[in-house]
Amino acid sequence: MSQPPFKRILLKLSGEVLMGEGALSIDPATTARVAQEIADARTAGFELCVVVGGGNIFRGIAGAARGMERATGDYMGMLATVMNALAVQNALEQIGVETRVQSAIPMATVCEPFIRRRAERHIEKGRIVIFAAGVGSPFFTTDTGAALRAAEMKCDALFKGTSVDGVYDADPKKVSTAKRYETVSFSRVLSDDLKVMDASAVALCRDNDIPIVVFNIRERGNLAKVLAGEGVATIVQNEGE
Ligand code: UDP
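Residues numbered from 1 in each chain as written. Predicted model: local features only at pLDDT ≥ 70, side-chain atom pairs only at ≥ 80, totals over all residues. Heavy atoms only, no water.

Topic: the overall build of the protein
Line of reasoning, step 1. Across its full length, the protein carries 8 helices and 9 strands.
Line of reasoning, step 2. Along the three orthogonal principal directions, the C-alpha set of the protein runs to about 50 × 45 × 35 Å.
Line of reasoning, step 3. Restricting to contacts in the protein with at least 6 residues of sequence separation, those with at least 24 account for 71%.
Line of reasoning, step 4. For the protein, the exposed area adds up to about 11100 Å²; of that, 52% sits on carbon and sulfur atoms.
Line of reasoning, step 5. Charge centroids of the protein, computed over 28 positive and 29 negative side chains, lie 4 Å from each other. (Helix = DSSP H or I, 4+ residues; strand = E, 2+ residues; numbered from the N terminus. Contact = heavy atoms within 4.5 Å. Areas by Shrake-Rupley, 256 points an atom, 1.4 Å probe, with all protein chains shown as cover. Lys, Arg positive; Asp, Glu negative; His and termini not counted. Charge placed at Lys NZ, Arg CZ, Asp CG, Glu CD.)

Some points on the pairing of strand S6 (residues 157-162)
Line of reasoning, step 1. Of all 6 residues in S6, 6 are buried; the element is thus mostly enclosed.
Line of reasoning, step 2. The alternating pattern of S6 places Ala157, Phe159 and Gly161 and Leu158, Lys160 and Thr162 on opposite faces, both of which are buried.
Line of reasoning, step 3. Here strand S1 (residues 8-13) runs beside S6; their pairing, made up of 5 bridges, is parallel. Bridged to leucine 13 within S6 is glycine 161.
Line of reasoning, step 4. As defined by bridge partners, S6 adjoins strand S8 (residues 212-216) across 5 bridges and the pair is classed as parallel. (Buried < 20%, exposed > 50% of the residue type's maximum accessible area, 1.4 Å probe, protein only. Pairing = 2+ DSSP bridges.)

Section: the side chain of threonine 142
Line of reasoning, step 1. Residue placement: threonine 142 occurs in helix H5 (residues 142-152).
Line of reasoning, step 2. Engagement of the side chain of threonine 142 in a polar contact is seen with the side chain of lysine 12, the distance being 3.2 Å.
Line of reasoning, step 3. Among residues more than four places away in sequence, those in contact with threonine 142 are Lys12, Val51, Val52, Gly53, Thr81 and Gly134. (Polar contact = N/O pair within 3.5 Å; in protein donor to acceptor, adjacent residues only side chain to side chain.)

Considerations on the pairing of S1
Line of reasoning, step 1. Burial analysis of S1 places 6 of its 6 residues in the buried class, which makes it a mostly covered element.
Line of reasoning, step 2. Of the two faces of S1, both are covered, the one formed by Arg8, Leu10 and Lys12 as well as the one formed by Ile9, Leu11 and Leu13.
Line of reasoning, step 3. With 6 bridges joining them, S1 and strand S2 (residues 47-52) adopt parallel strand pairing. Bridge assignment links leucine 13 to a residue of S2, and that residue is valine 52.
Line of reasoning, step 4. For the segment spanning S1, helix H1 (residues 28-43) and S2, crossover handedness is right-handed. (Right-handed = clockwise from strand over helix to strand, strands pointing away.)

Focus: the pattern of salt bridges
Line of reasoning, step 1. Within this structure, the stated rule accounts for 17 salt bridges.
Line of reasoning, step 2. In this structure, the salt-bridge partner of aspartate 192 is arginine 188, at a minimum N-O distance of 3.4 Å.
Line of reasoning, step 3. Taking relative accessible area as the criterion, aspartate 192 reaches 40% and is therefore assigned partly exposed.
Line of reasoning, step 4. Within the structure, one salt-bridge network assembled from shared partners comprises Glu98, Arg100, Glu112, Arg118 and Arg127. (Salt bridge = Lys/Arg side-chain N within 4 Å of Asp/Glu carboxyl O.)

Things to note about the sheet that holds S6
Line of reasoning, step 1. A sheet is described by the order of its strands in space; here 9 strands give the open sequence S4-S3-S5-S2-S1-S6-S8-S9-S7, paired in mixed fashion. Each edge of the open sheet carries a strand with a single partner, namely strand S4 (112-113) and strand S7 (183-185).

Thoughts on the site of the ligand
Line of reasoning, step 1. Gly15, Arg59, Asp74, Val135 and Thr142 are the nearest of the 21 residues found near the ligand.
Line of reasoning, step 2. Here an oxygen atom of the ligand sits 2.7 Å away from a polar atom, N or O, in the main chain of valine 135.
Line of reasoning, step 3. At a separation of 3.1 Å, a nitrogen atom of the ligand approaches a polar backbone atom of phenylalanine 140.
Line of reasoning, step 4. Contact with the protein chains covers 93% of the free accessible surface of the ligand, which is 520 Å².
Line of reasoning, step 5. In terms of residues, the shell around the ligand owes the most to one element, helix H3 (residues 70-94), which gives 3 residues.
Line of reasoning, step 6. Residues that form the shell around the ligand fall into these classes: 6 nonpolar, 12 polar and 3 charged. (Near = heavy atom within 4 Å. Nonpolar A, V, L, I, M, F, W, Y, C, P; charged D, E, K, R; others polar.)

Comments concerning the packing of aromatic side chains
Line of reasoning, step 1. This model, assessed by the stated rule, comprises 3 aromatic pairs.
Line of reasoning, step 2. Ring centres of phenylalanine 6 and phenylalanine 159 lie 5.8 Å apart, and the angle between their planes is 85 degrees; on these two criteria the pair is classed as edge-to-face. Within this pair, whereas phenylalanine 6 is found in the segment before S1, its partner phenylalanine 159 is found in strand S6, the two being separated by 153 residues in sequence.
Line of reasoning, step 3. Using a relative accessible area of 10% as the deciding quantity, one classes phenylalanine 6 as buried. (Phe/Tyr/Trp six-rings, centres within 6.5 Å; stacked < 30°, edge-to-face > 60°.)

Dropping the structure here:
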């Protein structure tokens, strides 16, 4: 895989990335390993913004399926992302990396509110900014939050760390002949409904020309490899690039 040199990236971590093999929603050892990967990327010279999901704790849609009002469930999901953001912050600071958490839902005694210019200043000072609570509104996901923050923070790419090593033309867990794309266009992802991110997040990246790099973050050392253009990943980008 080869790719243009990115300087500033937005790393989207699904909540489940923080789960280990056991029953814990936030596994300390797994969170520490992910934090080390992020720290290594910063040491390698990248500027990093991080958006964390909350699916390991709560998803509004799951609450709605059990009769809860969807918007209330979504607010609970956003609060879950704040818990995950604090866990990632804690793990990063334990290894000496300066961070700030900014939440789209103001929570003055817990973390900073999202202020774009302030986030910019943190990054200039070498800090890693972790964005929590998605876009701050129900009926959205942290994928869309990640695309929005990537655009606002002028990130060169959105790195989506998941448990698969890229985008396939069929579900690789179900179809043995499924083929992984090296690169695929935004329009194909949308027209073929390929499972990368929500359609709204993909459209936002397409409109702002922000490539999405899908890679497996569960594999140790993989973020560094993918950032160096050496790892296995799929790049979703505009046609003709
Ligand atoms: N959520 C929301 N608005 C947002 C971001 C998240 O309502 O802008 C809620 C929604 O209920 C979602 C939950 O928070 O299911 C957790 O986020 P997400 O599902 O994106 O987490 P991930 O799948 O990345 O772990």
